[in-house]
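Overview (structure and organization)
What follows is the residue order along each chain.
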Amino acid sequence: MKTKVSNFTEFRKYYLSEFELYDGEAFITFNIVGIDLDRNEVQVAVTDRGRISVITYDLLTDKDDRLYFEYGVMFERVHLDDFEEAA
C-alpha cells in the first residue's frame, strides 16, 4: 500500500530542521536534507556517535495524518512535525 503525502505543501520549512532522539545510550541528531514527494521519501543527515550518514527513508502517514519515517531496529517513529529549525 502506497502512502500519499501530496497534502504536505510547506515542505521547504523543514529543510535543515533538526530533531534529537535519545536511544538509551546517546543522542542521535537528524537533519532533513531533502524531501521527494514523487517518491514519498525524505533524505536525512543522521549524526550517531560521531558518525554522519545521509540516509533516505520512506515517508509514511499515521492515523492522524502526521508524516513520519521509521529509524533503527525498533522502527522508532520520527515525525516531521517534531523537527525544529536549527539555530
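Cut-offs applied
- Residues numbered from 1 in each chain as written.
- Predicted model: local features only at pLDDT ≥ 70, side-chain atom pairs only at ≥ 80, totals over all residues.
- Heavy atoms only, no water.
- Pairing = 2+ DSSP bridges.
- Helix = DSSP H or I, 4+ residues; strand = E, 2+ residues; numbered from the N terminus.
- Axes fitted to C-alpha atoms, helices over the stretch in contact; angles between N-to-C directions.
- Phe/Tyr/Trp six-rings, centres within 6.5 Å; stacked < 30°, edge-to-face > 60°.
- Core = buried A, V, L, I, M, F, W, Y, C linked by side-chain atoms within 4.5 Å.
- Buried < 20%, exposed > 50% of the residue type's maximum accessible area, 1.4 Å probe, protein only.
- Contact = heavy atoms within 4.5 Å.
- Polar contact = N/O pair within 3.5 Å; in protein donor to acceptor, adjacent residues only side chain to side chain.
- pLDDT = per-residue confidence, 0-100.
- Salt bridge = Lys/Arg side-chain N within 4 Å of Asp/Glu carboxyl O.

1. Details of the sheet that holds strand β3 (residues 41–48)
Pairing in this open sheet of four strands is antiparallel, and the strands run β1-β2-β3-β4 from one edge to the other. The sheet terminates laterally at β1 (18–22) and β4 (51–58), the two strands that pair on one side only. Averaged over all pairs of adjacent strands, the angle between strand axes in this sheet comes to 30°, irrespective of strand direction.

2. Details of the packing of aromatic side chains
If you walk through the whole model with that rule in mind, you get eight aromatic pairs. Among the aromatic side chains, those forming a connected cluster through ring pairs are Phe-19, Phe-30, Tyr-57, Phe-69, Tyr-71 and Phe-83.

3. Remarks on the nonpolar core
Formed by 17 residues in total, the largest nonpolar core has its most connected members in Phe-30, Val-42, Phe-69, Tyr-71, Leu-80 and Phe-83. Those elements that provide at least two residues to this core are β1, β2 (27–36), β3 and β6 (67–71). Sort the elements by how many residues they give to this core and β2 lands first, with four residues. Beyond its immediate stretch of four places on either side in the chain, Tyr-71 contacts Leu-21, Ile-28, Phe-30, Val-46, Asp-48, Tyr-57, Glu-76 and Val-78.

4. Quick notes on the side chain of Asp-62
If you trace the backbone, Asp-62 turns up in the loop between β5 (60–61) and β6. Separated by 3.1 Å, the side chains of Asp-62 and His-79 make a polar contact.

5. Concerning the confidence of the model for the protein chain
Fine structural detail should not be taken from predicted coordinates in areas where pLDDT scores are low. Per-residue confidence for the protein chain gives a mean pLDDT of 84; residues scoring 70 or more make up 80%. Per-residue pLDDT stays below 50 along residues 5–9; that stretch engages in ten contacts with residues further than four places along the chain or on separate chains.

6. Observations regarding the pattern of salt bridges
Counted by the stated rule, this structure contains six salt bridges. The closest approach of N and O atoms between Asp-36 and Arg-39, which form a salt bridge, is 3.9 Å. Taking relative accessible area as the criterion, Arg-39 reaches 59% and is therefore assigned exposed. Where Asp-81 meets Arg-66, a salt bridge forms, and the shortest distance between an N and an O atom there is 2.9 Å. Residue Asp-81 is located in the segment after β7 (76–79), and its partner Arg-66 is located in the loop between β5 and β6; the two are separated by 15 residues in the primary sequence. The class of Asp-81 is partly exposed, set by a relative accessible area of 41%.

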